[in-house]
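# Structure at a glance
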Amino acid sequence: MSEANNDTQLINANMPDVPAQNPTEPLIDDATHFTHAEPSKYYLKDYQPPSFGVDGVELDIKLFDDYATVDSIIKMQRQAPGELILLGQDLELISLILNGEALSGNDYLLDKERLVINQAPDEVTLEIQVRIYPHTNTALEGLYIAGSGDETMFVTQCEPEGFRKITFYPDRPDVLATYTTRLEADKRFPTLLANGNLIKQGEVIDADGRATSRHYAVWEDPTNKPSYLFACVIADLDVLSDSFTTSEGREVLLELYAKSSDIDKCHLGMQALKDAMLWDEVNYGRPYDLDRYMIVAVSQFNMGAMENKGLNIFNTSCVLSSPETTTDDRSFNVKAVIAHEYFHNWTGNRITCRDWFQLCLKEGFTVFRDQSFSADQQSAAVQRIDDVSLLRAHQFSEDAGPLAHPVRPESFAEINNFYTTTVYEKGAEIVRMIANTLGPNRFRQGTDEYFRRYDGQAVTVEDFLSAMSVTDVSVERFIDWYRQPGTPTISGRHEYNANSQTLTITLSQYTRHVSGFDAPKSLPIPVSTALFHPESGDIIAERMLLLDQDEQRFTFEGIEAYSVAGEDKLPIISLLRDFSAPVQLNFDYSEDDLAFLMTHETNGFNRWQATQILVNKILLQGISADKYLRALEQTIPTLIDINQPNHDAMLAARLFDVPSQRELATALSQNYDPAIMKQKREELINQVAIYLKDKWAGWYHSLPIVDFVDTPEARGQRALRNVILDMALTAKVEGAEQWAITQYESASCMTERLGALRVMVNHRLSQAESYLADFYKRFKDEALVIDLWFSVQASSEHVTVDKAAELIDRDDFDWGTPNRVRAVVSAFAAQPNVLWTQEGLQFYTDIVAKLDKPNPVLASRLLQVLARWYTLVDDRKAIAHEQLTQLRQKVSSKHVLESIGSVLDAEK
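Everything quoted here is computed from the prediction, not taken from an experiment.

## Some words on the overall build of the chain
Helix and strand counts for the chain come out as 27 helices and 33 strands. A compact globule built from 908 residues should have a C-alpha radius of gyration of about 29 Å, and the chain, at 28 Å, falls within 12% of that. Once the C-alpha set of the chain is aligned to its principal axes, its extents read approximately 100 × 65 × 60 Å. The buried share among the 908 residues of the chain stands at 60%. For the chain, the exposed area adds up to about 34,200 Å²; of that, 46% sits on carbon and sulfur atoms. Taking the average location of the 84 positive side-chain charges in the chain and that of its 133 negative ones, the two points are 1 Å from each other.

## Digging into the pattern of salt bridges
Taken as a whole, this structure holds 65 salt bridges when the rule is applied. Here D71 makes a salt bridge to K62, at a shortest N to O gap of 3.9 Å. Salt-bridge contacts for K187 lead to E203; the nearest nitrogen and oxygen are separated by 2.6 Å. Placement of K187 in the loop between β12 (177-186) and β13 (191-194) and of E203 in strand β14 (residues 197-205) is noted, with a sequence separation of 16 residues between them. Taking the relative accessible area as the measure of exposure, K187 reaches 36% and is therefore partly exposed. Taken together, the salt bridges that share partners define one network made up of D60, K62, D71, R182, E184 and R214.

## Brief notes about the pairing of strand β25 (residues 489-497)
Within a regular strand, the side chains alternate between the two sheet faces. Bridge count for β25 against strand β26 (residues 502-510) is nine bridges, and the pairing is antiparallel. Within β26, the position partnered with I490 by the bridge is Q509. Looking at chain direction, β25 and strand β33 (residues 584-587) are connected through four bridges and run parallel. Pairing of I490 across the sheet is with L585, part of β33.

## Here's the deal with the sheet that holds strand β16 (residues 232-235)
Strand order in the open sheet formed by four strands is β10-β11-β16-β13, and the pairing between neighbours is antiparallel. Edge positions in the sheet fall to β10 (142-146) and β13, since each of these pairs with one other strand and no more. Put simply, the sheet's adjacent strands are angled 15° from each other on average, direction ignored. The pairing of β13 with β16 spans four bridges and is antiparallel. Each bridged residue has a counterpart across the sheet, and for L193 the counterpart in β16 is V233.

## Looking at the side chain of E449
For E449, the location among the structural elements is in helix α6 (residues 440-454). The buried category is assigned to E449, whose relative accessible area is 14%. Leave out the neighbours within four places in its chain, and E449 touches A467 and V470.

## Here we look at the nonpolar core
Among the nonpolar cores identified, the biggest contains 290 residues, and L126, Y628 and W696 are the most heavily contacted of them. When residues of this core are assigned to their parent elements, the largest contribution, nine residues, is made by helix α5 (residues 421-438). When sequence neighbours within four positions are dropped, the list of residues in contact with L126 reads S72, I73, I74, M76, L84, L86, L96, I97, L98 and I117.

## Looking at unusual backbone geometry
Between E159 and the following residue, P160, the backbone shows a cis peptide bond with an omega angle of 0°. Mapping P160 onto the fold places it in the loop between β11 (153-157) and β12. Backbone geometry at A565 places phi at a positive 55°, although glycine is not the residue there. Position of A565 among the secondary structure elements: in the loop between β30 (562-564) and β31 (567-569).

## As for the packing of aromatic side chains
Enumeration over the complete set of coordinates arrives at 43 aromatic pairs. Note on W789 and F790: the rings are 5.2 Å apart at their centroids and 90° apart in plane angle, and the pair reads as edge-to-face. Considered together, W789 and F790 belong to a single accessibility category, that of buried residues. For R543, the ring lying beneath its charged end belongs to F556, and the centroid distance is 4.6 Å. Above the face of the Y744 ring, R753 is positioned so that its terminal group lies 5.3 Å from the ring centre.

## As for the environment of R432
Positionally, R432 belongs in helix α5. The residues touching R432, leaving out its near neighbours within four places in the chain, are F368, Q371, R384 and D387.

## Digging into the environment of N195
For N195, the position within the fold is in the loop between β13 and β14. Residue class for N195 comes out buried when judged on its relative accessible area of 2%. Residues within four places of N195 in sequence aside, it is in contact with W219, E220, D221, K225, L229, F230, A231, N308, K309 and L311. Here the side chain of N195 touches L229 through a polar contact of 2.9 Å, landing on its backbone oxygen. Within the structure, N195 has its side chain in polar contact with the backbone nitrogen of A231 (distance 2.8 Å).

## Quick look at the sheet that holds β12
The strands that make up a sheet are held in pairs by hydrogen bonds between backbone atoms, and each pair lies either parallel or antiparallel. One open sheet accounts for eight strands, arranged β6-β5-β9-β3-β2-β12-β15-β14; its pairing is mixed. Sheet topology places β6 (101-102) and β14 at the edges, where each strand pairs with a single neighbour. Here strand β2 (residues 52-63) runs beside strand β3 (residues 68-78); their pairing, made up of 11 bridges, is antiparallel. Residue pairing across strands places D60 opposite D71, the latter belonging to β3.

## Structural notes on the pairing of β11
Counting buried residues along β11, five of its five residues qualify, which places the element largely inside the surrounding structure. Alternating positions in β11 separate into two faces, M153, V155 and Q157 on one and F154 and T156 on the other, with burial throughout. Taken together, the five bridges between β10 and β11 define a ladder with antiparallel strand orientation. What sits directly across from L143, in β11, is T156. Linking β10 back to β11 in an antiparallel pair, the connection comprises six residues, with G147 at a positive phi of about 80°.

## Quick look at the packing of helix α17 (residues 736-746) against helix α19 (residues 768-779)
Each pair of packed helices can be described by the angle between their axes along with the distance between the axes. Here α17 crosses α19 at 10°, and the two axes come no closer than 12 Å. It follows that α17 is roughly parallel to α19 by the angle criterion. Where α17 approaches α19, its residues I741, Y744 and E745 are matched on the opposing element by Y771, D774, F775 and R778. For the contact of α17 with α19, a count of residues per class yields four nonpolar, no polar and three charged.

## Topic: the confidence of the model for the chain
For the chain, mean pLDDT is 94; residues scoring 70 or higher make up 96% of the total. Contacts from residues 6-35, a stretch scored under 50 in pLDDT, to residues over four places away or in other chains number 102 contacts.

## Quick word on the side chain of T635
Structurally, T635 is set in helix α11 (residues 626-640). Apart from the residues within four sequence positions on either side, T635 is in contact with M598, T599, R607 and L655.

## A word on the environment of Q271
The residue Q271 is located in helix α1 (residues 267-284) in this model. The exposure class assigned to Q271 is partly exposed, which follows from its relative accessible area of 39%. Expressed as a C-alpha distance, the spacing of Q271 and E535, which sit 264 residues apart in the sequence, is 46 Å.

## Looking at the state of the cysteines
Each disulfide consists of a covalent bond between the sulfur atoms of two cysteine residues. Going through the model one piece at a time under the given rule, you end up with zero disulfides. Distance from the sulfur of C232, which forms no disulfide, to the nearest cysteine sulfur (C158) is 7.6 Å. C318 forms no disulfide, and the closest cysteine sulfur to it belongs to C266, at a distance of 13 Å.

Reading the values: the criteria
- Residues numbered from 1 in each chain as written.
- Predicted model: local features only at pLDDT ≥ 70, side-chain atom pairs only at ≥ 80, totals over all residues.
- Heavy atoms only, no water.
- Helix = DSSP H or I, 4+ residues; strand = E, 2+ residues; numbered from the N terminus.
- Rg over C-alpha atoms; globule rule 2.2 N^0.38 Å.
- Buried < 20%, exposed > 50% of the residue type's maximum accessible area, 1.4 Å probe, protein only.
- Areas by Shrake-Rupley, 256 points an atom, 1.4 Å probe, with all protein chains shown as cover.
- Lys, Arg positive; Asp, Glu negative; His and termini not counted.
- Charge placed at Lys NZ, Arg CZ, Asp CG, Glu CD.
- Salt bridge = Lys/Arg side-chain N within 4 Å of Asp/Glu carboxyl O.
- Pairing = 2+ DSSP bridges.
- Axes fitted to C-alpha atoms, helices over the stretch in contact; angles between N-to-C directions.
- Contact = heavy atoms within 4.5 Å.
- Core = buried A, V, L, I, M, F, W, Y, C linked by side-chain atoms within 4.5 Å.
- Phe/Tyr/Trp six-rings, centres within 6.5 Å; stacked < 30°, edge-to-face > 60°.
- Lys NZ or Arg CZ within 6 Å of the ring centre and 35° of its normal.
- Polar contact = N/O pair within 3.5 Å; in protein donor to acceptor, adjacent residues only side chain to side chain.
- Parallel < 35°, antiparallel > 145°, perpendicular 65-115°, else oblique.
- Nonpolar A, V, L, I, M, F, W, Y, C, P; charged D, E, K, R; others polar.
- pLDDT = per-residue confidence, 0-100.
- Disulfide = S-S within 2.5 Å.

Set out below in structure tokens:
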């Protein structure tokens with residue numbers, strides 16, 4: 001499952017009433033809501049295999065006007081001593097038959113979460129009928145309604161624990177079974193989809209043999225899968241069809257379903273799917289195994305996408321794309337997410353998790369695979385920058401605060417709270433370290449062994465490492481990366497011995513002790529290292545250092561001191577190339593060293609990393625920006641000039657990156673003042689803009705608007721043009737305001753038009769309001785584009801609480817659509833100086849409280865943004881503590897209670 005898109009995220013205080021409860025009181029109450037007591041936890045150490053396995057499942061789901069019935073036949077066999085336990089929530093039990101005999105209330109126990117049958121025989125056939133109410137399901141889990149009116153559809157989301165909201169079942173990932181699913185609905189919903197292959201469809205015939213207004217479809221999935229991979233869709237959708245022939249000769253029907261008005265935006269996604277299928281065959285030897293692969297676009301979806309076997313459910317923001325309506329960043333994200341979900345077919349579906357503590361097993365490996373795929377679709381350096389930017393801004397912050405947890409958690413109250421950047425992105429970095437340690441050939445041998453050994457099984461992190469160690473047993477040492485929370489910091493220094501011509505690098509590692517966990521151990525940390533000639537910039541030595549002790553010395557022999565301008569100079573050291581490990585780096589770089597790496601490093605990522613280190617020194621240590629500015633002036637022209645062999649406009653755009661306030665705040669354990677940090681960032685950006693003022697016009701006009709093409713080079717030029725336009729307006733370059741207007745009006749794509757609109761809003765141009773109105777009028781029927789319209793205003797550097805509240809009060813703000821909620825609320829939270837005020841926190845925590853019951857998954861994710869409140873300066877910290885304490889008394893879902901308990905415990 002992919003995380004929600006990061007470029008839209010948040011909410012306000014005039015939320016409509018929650019829909020009325022089901023007309024019939026369910027026998028299973030809502031088990032996700034508690035009164036303010038701390039929710040109970042589950043522990044990895046307590047894992048027990050299920051008493052019963054499932055051989056096969058037959059489902060018959062009938063949708064009616066205000067409810068649905070679900071009939072299930074479940075064939076089970078005893079695997080271990082114990083009771084027969086089925087899990088269920090929000091279900092109205094109609095009937096229960098065991099081996100042909102109807103059971104009464106005396107034959108089983110029923111509580112909020114479980115149905116327990118005592119003294120069950122070793123072989124069981126259960127026939128269960130329940131009634132559910134998808135029409136009033138706002139949590140977007142189980143079977144729920146999405147859209148309204150003619151665009152109403154019913155879809156499922158079962159990961160991690162949504163299937164128990166459809167029927168009673170041993171809903172856990174280590175119970176694998178085949179599924180046959182019959183769907184029945186009114187013919188106004190002509191699209192009836194489920195996992196696997198379509199084996200039968202037709203009209204429903206009444207008792208007199210006459211056709212009715214209803215129809216049905218029967219789907220059969222021959223592969224064993226856990227219940228979290230079940231999916232069905234009941235809707236009225238159009239379809240874009242294509243095909244792909246696998247390396248085994250299988251002809252696979254590819255279908256992408258969407259509203260009829262969105263089908264024209266599905267072509268990029270279809271091509272991305274075919275590209276991913278081929279890539280997985282070439283790089284991992286993994287062909288697809290069914291005759292059909294389907295993707296369905298849904299506007300109401302908490303996450304990015306879901307890899308249900310053969311029937312992926314996608315947030316519309318992660319599958320729909322066109323040049324006119326979608327930015328380059330989001331279009332590229334569409335390709336990455338489609339690849340991610342497809343790659344899950346092997347790393348997640350055919351081999352799945354034994355339990356939810358092993359979530360990183362499928363997500364970390366699959367993120368690594370989708371990052372590798374994306375690196376083949378654009379500049380590998382820029383892809384790595386994108387990966388690490390996300391990691392530093394979000395995962396490092398998570399590791400530095402009260403929500404820190406191991407990549408494989410040891411306990412949880414609500415597993416939805418652990419779909420985090422630690423599990424996903426840090427999990428991917430562990431796989432990358434293993435790949436770096438083994439090298440390409442041995443890494444491929446390890447993955448081949450993993451697929452061979454565990455296909456069709458539910459496994460653990462230890463199983464993965466065991467397979468990967470087939471060529472190198474030292475790989476099993478990486479288990480500590482999965483068990484230990486916190487981000488290691490590597491510190492280092494270097495010494496040169498002229499007599500022996502040796503350069504010695506001394507590195508040490510430190511990881512903070514996270515409360516509640518064992519004292520941290522030394523971890524195996526691959527540190528990719530190169531030495532550069534101090535004048536020519538040529539690489540004179542290159543090694544992968546493995547730091548696996550508290551402190552180690554690494555010696556390079558035969559290293560000369562070079563005469564440069566009459567002075568003896570040592571080689572320039574470049575560490576952590578390509579970000580070979582997810583660590584903080586604290587090396588004794590001089591400003592000259594960093595400026596040299598900005599201009600001479602052959603690894604594009606490390607040019608950016610040197611820039612970031614220098615910028616951090618300027619913002620956090622107060623050093624002069626002079627050398628940084630001169631290095632920028634020297635570097636950017638070589639990347640822009642298409643006649644240069646290593647030109648890369650996208651990399652040039654990224655070299656202007658200034659870390660977000662969120663990332664910068666991670667370095668501060670106390671006395672963080674958002675107003676001061678905002679001022680420092682703005683001062684540095686102004687310095688860059690003024691220093692290069694006479695360059696902006698020439699650079700901007702060297703990147704004219706041309707007909708749209710979707711290539712890495714064209715995307716880079718568009719990104720760089722937007723950066724230059726912003727800088728030119730900051731420097732008040734003559735004519736820059738007109739450039740923005742012309743770019744908006746002449747735009748060939750959304751990247752250009754939105755870039756112009758954003759700078760108009762951020763720089764408060766007099767024309768901003770009229771162009772906001774024009775943008776809305778142009779795209780009023782495009783929900784995802786209107787999300788951008790909301791986000792541009794909510795994320796403005798000048799946003800106020802009143803403005804954010806005004807946006808949420810609009811009629812077209814939809815509380816039931818997470819994309820729209822995040823477009824305002826998460827965007828607003830990206831401005832800490834406004835968020836961390838009395839008014840800002842009141843606004844934000846009211847939103848969390850209002851979402852707590854209808855959508856606790858979203859509410860909890862929004863709350864986690866406030867995790868590092870305790871690092872604020874005293875006055876803001878006191879306000880935050882008060883607001884969070886009040887919020888704790890207003891919420892009842894175990895999702896939010898678990899998160900707020902951790903957040904408030906931070907100060908202890």
